[in-house]
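A look at the structure
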Amino acid sequence: MAQEDLEDDDFTSKSQKKRDSKDVQVLARKLCELPKKVFNEITLDDNIHNAIKTAQKLRPSAALNRQIQYIAKCLKQVDLDAIKETIYQLENKESLQKHQLKKIENWREKLIETNDSLGDFINQYHNVDRQQLRQVIRNARKEIETKKSTKAFKQLYQIVKRLKEQYPGRPFTLDGHLVGSLGEVIAERVFGLSLYPP
């Protein structure tokens, strides 16, 4: 019977507990080493926030190690995944922005190249002013043909950018996620829900 008790679902091995503890200490150290600008954007309990501020003032020593252990102990009481995700997003903010700009530029190129992409774009961003979009596309195409300035080209870029800003984090890709993403946005507006990022 003692063997059956050990096979309980809640059983965690001593080795796993050590690995988890080590992971939390690594996260605590990382929080202490974050640049001030990034650290200030992370929402933490006051107790943890103050403990990290104290650790940031300490030089590498036994005192710093004890402070990091204390921070790790405090972190075990909160949602670590949310903190890790926030750190990831803040550290990769620039690359995410570059990726977003690349998506916007791709839409701009597609809209200028073919008429088929206009329908795809309108299906994804149904609240776009269709008449204005068509006019801007026509102007951009004329400017490219006549080698004029790219005013319409820039306007088209701004339209795509605004739509991406209205629904940040929503992929609106042309695969099976499109219907789901549209449904999420509609549910969020109609029912006043706060949805988790995809």
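Coordinates for the structure precede this section.
Parameters at a glance
- Residue positions are counted from 1 within each chain, in the order its sequence is given.
- Predicted model: local features are reported for residues with pLDDT of at least 70 only, side-chain atom pairs are reported and counted for 80 or more only, and whole-chain, interface and lining totals are derived from all residues.
- Only hydrogens and water are set aside; all other atoms, that is, all heavy atoms of the structure, feed into the side-chain values.
- Starting at the N terminus, helices and strands are each numbered in turn, a helix being any DSSP run of H or I of at least four residues and a strand any DSSP run of E of at least two.
- Residue burial is assigned from relative accessible area. The probe radius is 1.4 Å, only protein chains are included, and a residue is buried under 20% of its type maximum, exposed over 50%, and partly exposed in between.
- Whether two residues touch is decided by their heavy atoms; if any such pair falls within 4.5 Å, the residues are in contact.
- The rule is short: rings of Phe, Tyr and Trp, with Trp giving its six-membered ring, pair when the centres are within 6.5 Å, and they are stacked under 30 degrees, edge-to-face over 60, tilted in between.
- Here, a charge over a ring is recorded when the distance from Lys NZ or Arg CZ to the ring centre is within 6 Å and its angle to the ring normal is within 35 degrees.
- Two N or O atoms count as a polar contact when they lie within 3.5 Å, although within protein this holds only if one can serve as hydrogen donor and the other as acceptor, and sequence-adjacent residues are included solely when both atoms are side-chain atoms.

**Section: the overall build of the protein chain**
Summing up its helical and strand segments, the protein chain has eleven helices and zero strands in all. Taken from the N to the C terminus, the helices and strands of the protein chain come in the order α-α-α-α-α-α-α-α-α-α-α. Across the 198 residues of the protein chain, 29% fall into the buried class. In the protein chain, 56% of the contacts between residues at least 6 apart in sequence involve partners at least 24 apart.

**Considerations on the packing of aromatic side chains**
If you walk through the whole model with that rule in mind, you get two aromatic pairs. Centroid distance Trp107 to Phe121: 5.0 Å. Interplanar angle 75°. Geometry classified as edge-to-face. Of this pair, Trp107 sits in helix H7 (residues 93–113) while Phe121 sits in helix H8 (residues 116–124); the two residues are 14 residues apart in sequence, bridging distant segments of the chain. The pair Trp107 / Phe121 is uniform in exposure class, with both members buried. Each ring, one from Phe121 and one from Tyr125, has its centre 4.9 Å from the other, and the planes form 45°; the classification is tilted. As far as burial versus exposure is concerned, Phe121 and Tyr125 are alike and both buried. Ring-pair connections join several aromatic residues into one group, and the members of that group are Trp107, Phe121 and Tyr125. Geometry around Trp107 places Lys110 over its ring, the cationic atom sitting 4.9 Å from the centre.

**Here we look at the environment of Arg141**
By the element assignment, Arg141 lies in helix H9 (residues 130–146). With 29 residues separating them in the primary sequence, Arg141 and Ile112 have C-alpha atoms 6.2 Å apart. Of the polar contacts made by the side chain of Arg141, one reaches the backbone oxygen of Thr114; its length is 3.4 Å. A polar contact of 2.8 Å, which involves the side chain of Arg141, links it to the side chain of Asn115.

By themselves, these figures tell us nothing about what the structure is for.
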